[in-house]
Amino acid sequence: MKEQRRSRKIAMTPEEVDAFLAEERTVRVATNGTHGPHATPLWYVWHGGAMWLTSLSRSQRWADLAADPRIAAVVDAGQDYAELRGVEIRGRVEVVGEVPRTGEPVPELDGPEQAFADRYTGGTMHHDGRHAWLKLVPEKITSWDFRKIG
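Residues numbered from 1 in each chain as written. Predicted model: local features only at pLDDT ≥ 70, side-chain atom pairs only at ≥ 80, totals over all residues. Heavy atoms only, no water.

Labelled according to an unreviewed UniProt entry, the protein appears under the name Pyridoxamine 5'-phosphate oxidase family protein, originating from Pseudonocardia petroleophila.

Put into structure tokens, the structure is as follows:
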């Protein structure tokens, strides 16, 4: 993974990145499509050093990623400039499990699915046969926390 480019003064430590990504709920992802970039918000879980996304398997995002697995993801927080903090992740996604996901046992999904269920659906994972899992493995992480200079 490449070294962070932002000022070290406002960069988060790896532990701070993990804590921040574990606490926030929404990521904005950008994909490369045939008609240009496509950005959309999604729920996610940060598990095992990767960002796990569940996506409709018949969506523009899915079509974009099938053609080009590169993705950028941004999670941020803060209302005032002095409180802004966030993480940008660039990397490639890989599909994990069946498409669409129907609940067949996939050991690699045990942790992410339970984390997702605990966070968003009251502890039970629902497989609707329309979504599938994408694992974003970071190639570059950039972070900022303007509270560090306040």
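Still to come is the rest of the account.
Engineer: Teacher, can you tell me more about the overall build of the protein here?
Structural biologist: For the protein, the helix and strand inventory stands at three helices and six strands. The N-to-C order of helical and strand elements in the protein reads α-β-β-β-α-β-β-α-β. Radius of gyration (C-alpha) of the protein: 16 Å, near the 15 Å computed for a compact globule of 150 residues. Seen along its three principal axes, the alpha-carbon backbone of the protein occupies a region of about 50 × 40 × 30 Å. Put simply, 71% of the contacts in the protein that link residues at least 6 apart link residues at least 24 apart. (Helix = DSSP H or I, 4+ residues; strand = E, 2+ residues; numbered from the N terminus. Rg over C-alpha atoms; globule rule 2.2 N^0.38 Å. Contact = heavy atoms within 4.5 Å.)

Engineer: I tried to follow the pairing of strand β3 (residues 50–56) on my own but got confused; where do I start?
Structural biologist: Along any regular strand, the residues point their side chains to alternate faces of the sheet. Counting buried positions along β3 gives six out of seven residues, so the element sits mostly inside the fold. Note that strand β2 (residues 36–47) and β3 share four bridges and pair antiparallel. Among the inter-strand pairings, Val45 is bridged to a residue of β3, identified as Trp52. The antiparallel hairpin formed by β2 and β3 contains two residues in its connecting segment, where Gly48 sits at a positive phi of about 60°. Where β3 meets strand β6 (residues 131–145), six bridges bridge the pair, whose relative direction is antiparallel. Bridge pairing in β6 links Thr54 to Trp133. (Buried < 20%, exposed > 50% of the residue type's maximum accessible area, 1.4 Å probe, protein only. Pairing = 2+ DSSP bridges.)

Engineer: Any chance you could explain the sheet that holds β6 here in plain terms?
Structural biologist: In sheet architecture, strand pairing relies on hydrogen bonds along the backbone and comes in two forms, parallel and antiparallel. Taken in spatial order, the six strands line up as β1-β2-β3-β6-β5-β4 and close into a barrel, and their pairing is antiparallel. On average, each strand axis in the sheet is tilted by 40° relative to the strand beside it, whichever way the strands run. Each of β2, β3, β4 (70–77), β5 (85–96) and β6 touches helix α1 (residues 14–23); the most contacted strand, β5, lies at about 75° to it. (Axes fitted to C-alpha atoms, helices over the stretch in contact; angles between N-to-C directions.)

Engineer: I'm lost on the pattern of salt bridges in this one. Help?
Structural biologist: Counted under the stated rule, the structure contains eleven salt bridges. Across the pair Glu108 and Lys135 runs a salt bridge, and its minimum N-O distance is 3.0 Å. Taken together, the residues span a long stretch of sequence, with Glu108 in the loop between β5 and α3 (110–120) and Lys135 in strand β6 at a distance of 27 residues. We classify Lys135 as buried; its relative accessible area is 17%. Measuring nitrogen to oxygen at the nearest pair gives 3.4 Å for the salt bridge that ties Asp128 to Arg130. Given a relative accessible area of 41%, Asp128 falls into the partly exposed group. Residues joined in a network through salt bridges with shared partners are Glu98, Arg101 and Glu113. (Salt bridge = Lys/Arg side-chain N within 4 Å of Asp/Glu carboxyl O.)

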